[in-house]
Amino acid sequence: MPVYQPQIEQEQQIESLLAPFGRFGVELGLERIQRLLEALGSPQQRVPLVHVAGTNGKGSVCAYLAAVLGAAGYRVGRYTSPHLVSWRERIEVNGEPIAAEDLVTRLKQVVVAIDPAQPSPTQFEVFTAAAWLHFAEAGVDVAVMEVGLGGRLDATNVVDAPLVSVITSLSREHWQRLGPTLADIAREKAGVLKPGRPAVVGPLPSEAEAVVQARLAELSCPAVWAVPAVPLEAGTVRYGNGDEAISYPLALLGEHQLTNSAIAIATLLTLRTQGWHISDDAIAQGMANARWPGRLQWVTWGEDSLGCLLLIDGAHNPAAAKVLRQYVDSWWADQPGNPVGTAWLMGMLSTKDHSDIFAALLRPGDALHLVPVPGHETAAPEDLAAIARSVCPELAQCEIHNSLRDGLMAIAQSPAQLKVLCGSLYLIGHFLATEPYRDVDAANTL
């Protein structure tokens, strides 16, 4: 079943309201969103904010934060992007996607507020304004909001005094817009930091860390540099030491969640110092309940004899691909007998670093099946095949398929012990929206 069943007629209405703004593409800057929010009555000023930036890990950290704050009894808004199945996923209150009719109403309110005499807002800006408006009207106690792209000029960066600003990680992505070096990208991400306001920062490459450190000092931001949690037993981990240590269950898969969860815990502890009532029990309950679909998610695809066990993950940039590879390696380490190799089913957008992603994932003896990403600016599978063969000449197989369904049928018949669908969150979203599948407990995959 999909993440949830879209309501087709209302989904189409949402698409039609947003479509006119798609032609304005991605255009960073704050003037348009500030003008639009002012016309809407400045809803962002009525919503306490936890602002989460970074290259990877933003979504997981937002999932942890929203789940724990909800378990603590607060009414929590969460804003993330992109979505997998429906635009509604991007705006949630207490874990529930915005109702389709409510989203239509909010978007209409935003569209009416646009000044036709001024430059048009982008699609992301229109949707972000709708999120601010919904959170304000819904009376949330706090909003956990993920940066869309960069930080300094992102449409979410319109609050002068966030409760906490978070930077999860930094790597070289979107360099065409943010700058060619890690230092350039770090400067843009550090734009979410505000004078005197608390910050939580995850482990960063040294070049990026120096930039963030300098910005923290310049703005006199009290900062916590989160260190990865320590595994204990039975899926439990610990953050911190001594009397201040907190133990909690880790619901999301992958070693990188030791870092992501630690960033979330450090953020929650920072909120505690500001008077937010977040008990250790709420932390344990929320961390156990956190969910983030499409990231290291085990499913059974298909029906009857065509079905197969499948690991799905976006892995849409080199850093995320390395995380997926790390999980795959740990999975193989627990398998008895002689492995038959991994079968990869992949599609990627044309804008991604294809060579680096393949280098992170592929190993000699693997099978690679390539498909287009439907409805998006896809890289041609033929071009990807050539790149993959140059990166890993010892692939056992490299095949091209016309559709995701054709690719799924091919890997379902593969002798490979491990089958992985990855390369684009849009491809994962298409799978979740259109294919028959069932979730599988990760414990049953060993």
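The structure presented is a predicted model; accordingly, all values stated were derived computationally and were not measured. (Residues numbered from 1 in each chain as written. Predicted model: local features only at pLDDT ≥ 70, side-chain atom pairs only at ≥ 80, totals over all residues. Heavy atoms only, no water.)

Undergrad: Would you explain the overall build of the protein chain in this entry?
TA: Assigned secondary structure in the protein chain consists of 15 helices and 18 strands. The C-alpha extent of the protein chain, read off along each of the three principal axes, is 60 × 55 × 40 Å. Scored against the burial criterion, the 446 residues of the protein chain give a buried share of 55%. Put simply, the protein chain shows about 18,300 Å² of open surface, and 50% of that area lies on carbon and sulfur atoms. Side-chain charges in the protein chain split into 31 positive and 47 negative, and the spacing between the mean points of these groups amounts to 4 Å. (Helix = DSSP H or I, 4+ residues; strand = E, 2+ residues; numbered from the N terminus. Buried < 20%, exposed > 50% of the residue type's maximum accessible area, 1.4 Å probe, protein only. Areas by Shrake-Rupley, 256 points an atom, 1.4 Å probe, with all protein chains shown as cover. Lys, Arg positive; Asp, Glu negative; His and termini not counted. Charge placed at Lys NZ, Arg CZ, Asp CG, Glu CD.)

Undergrad: Help me out: how do you make sense of the pairing of strand 10 (residues 236–239) in this one?
TA: On a regular strand, one side chain projects to one face of the sheet and the next to the other, so that they alternate. Burial along strand 10 is one-sided: Val 237 and Tyr 239 are buried, and none of Thr 236 and Arg 238, which face the opposite way, are. Pairing between strand 9 (residues 230–231) and strand 10: 2 bridges, direction antiparallel. Paired with Pro 231 across the two strands is Val 237, which belongs to strand 10. Adjacent in sequence and paired antiparallel, strand 9 and strand 10 are bridged by 4 residues, among which Ala 234 carries a positive phi angle near 50°. As judged from the 4 bridges shared by strand 10 and strand 11 (residues 246–249), these two strands associate in the antiparallel manner. Note that in strand 11 the partner of Tyr 239 across the bridge is Ile 246. Taking the residues that link successive antiparallel strands as the turn, the strand 10-strand 11 hairpin has 6 residues, and the phi of Gly 240 there is positive, at about 90°. (Pairing = 2+ DSSP bridges.)

Undergrad: How should the packing of aromatic side chains be read in this particular structure?
TA: On inspection of all chains with the given rule, the structure shows 7 aromatic pairs. When the ring of Tyr 74 is compared with that of Trp 276, the centres are 4.9 Å apart and the planes differ by 55°; the resulting orientation is tilted. Taken together, the residues span a long stretch of sequence, with Tyr 74 in the loop between helix 3 (58–71) and strand 2 (76–79) and Trp 276 in the loop between helix 9 (257–273) and helix 10 (280–289) at a distance of 202 residues. Judged on exposure class, the residue Tyr 74 and its partner Trp 276 are both buried. Judged by centre distance (5.6 Å) and plane angle (35°), the rings of Phe 431 and Tyr 437 are tilted. On the basis of relative accessible area, Phe 431 is assigned to the buried category, the value being 0%. For Arg 90, the ring lying beneath its charged end belongs to Phe 127, and the centroid distance is 5.9 Å. (Phe/Tyr/Trp six-rings, centres within 6.5 Å; stacked < 30°, edge-to-face > 60°. Lys NZ or Arg CZ within 6 Å of the ring centre and 35° of its normal.)

Undergrad: I keep staring at the domain arrangement of the protein chain and nothing clicks. Help me out?
TA: It is common to give the size of an interface as the accessible area lost on bringing the parts into contact. Domain assignment breaks the protein chain into domain 1 (10–19 + 27–289) and domain 2 (297–439). Computed from C-alpha coordinates alone, the two centres of domain 1 and domain 2 are separated by 29 Å. Taken together, the 15 residues of domain 1 in the interface contact 18 residues of domain 2. Across the domain 1 to domain 2 interface the summed buried area is about 1,200 Å²; carbon plus sulfur atoms make up 60%. Inspection of the region where domain 1 meets domain 2 yields 0 salt bridges. For the interface between domain 1 and domain 2, the tally reads 2 residue pairs in polar contact (both at pLDDT 80 or more). (Domains from an automatic or database assignment. Contact = heavy atoms within 4.5 Å. Buried area = accessible area lost by both parts, 1.4 Å probe. Salt bridge = Lys/Arg side-chain N within 4 Å of Asp/Glu carboxyl O. Polar contact = N/O pair within 3.5 Å; in protein donor to acceptor, adjacent residues only side chain to side chain.)

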